[in-house]
Amino acid sequence: EGWDVQDLQFAPCGYSINAIEGPNYQTMHITPESHCSFASYETNLSLGTKPQDMEKVVSRVVNVFRPAKFSAIAV
């Protein structure tokens, strides 16, 4: 019942969180570096059937990290 969550902090910097609930998962990896930072979010959750549903999720993730560049892939 609920999400099974595992998070890890890496030295010298970095963070990873993985969450599983039945067949569903969400994962986020963050590596903050002064010369090149990286953040990723991946899930198999249903994001809806309309393009604007996916746009809403991508917009939320981008607003959290505020990257200079980003890419999104939907399968």
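Details of the structure are given in the entry above.
Report on the accompanying structure. These numbers come from a predicted model, not from an experiment. (Residues numbered from 1 in each chain as written. Predicted model: local features only at pLDDT ≥ 70, side-chain atom pairs only at ≥ 80, totals over all residues. Heavy atoms only, no water.)

In terms of helices and strands, the protein carries one helix and four strands. From first element to last, N terminus to C terminus, the protein shows the α and β order β-β-β-β-α. Split into buried and exposed, the 75 residues of the protein put 5% on the buried side. Averaged over its 5 positive side-chain charges, the protein has a centre that lies 15 Å from the centre of its 8 negative ones. (Helix = DSSP H or I, 4+ residues; strand = E, 2+ residues; numbered from the N terminus. Buried < 20%, exposed > 50% of the residue type's maximum accessible area, 1.4 Å probe, protein only. Lys, Arg positive; Asp, Glu negative; His and termini not counted. Charge placed at Lys NZ, Arg CZ, Asp CG, Glu CD.)

What follows covers the environment of isoleucine 30. Secondary-structure assignment places isoleucine 30 in strand 3 (residues 24-31). Taking the C-alpha atoms as reference points, isoleucine 30 and lysine 69, 39 residues apart in sequence, are found 15 Å from one another. Other than its neighbours up to four places away in sequence, isoleucine 30 contacts Gly14, Tyr15, Phe38, Ala39 and Phe65. (Contact = heavy atoms within 4.5 Å.)

It is worth spelling out the sheet that holds strand 2 (residues 15-21) at this point. With respect to topology, four strands assemble into an open sheet ordered 1-2-3-4, the strand pairing being antiparallel. Strands with a single pairing partner mark the edges of an open sheet, and in this sheet they are strand 1 (4-9) and strand 4 (38-43). Neighbour-to-neighbour, the strand axes of the sheet open up by a mean angle of 5°, direction not taken into account. In this sheet, strand 2 lies alongside strand 1 in antiparallel orientation, the contact comprising six bridges. Within strand 2, the residue paired with valine 5 across the bridge is alanine 19. (Pairing = 2+ DSSP bridges. Axes fitted to C-alpha atoms, helices over the stretch in contact; angles between N-to-C directions.)

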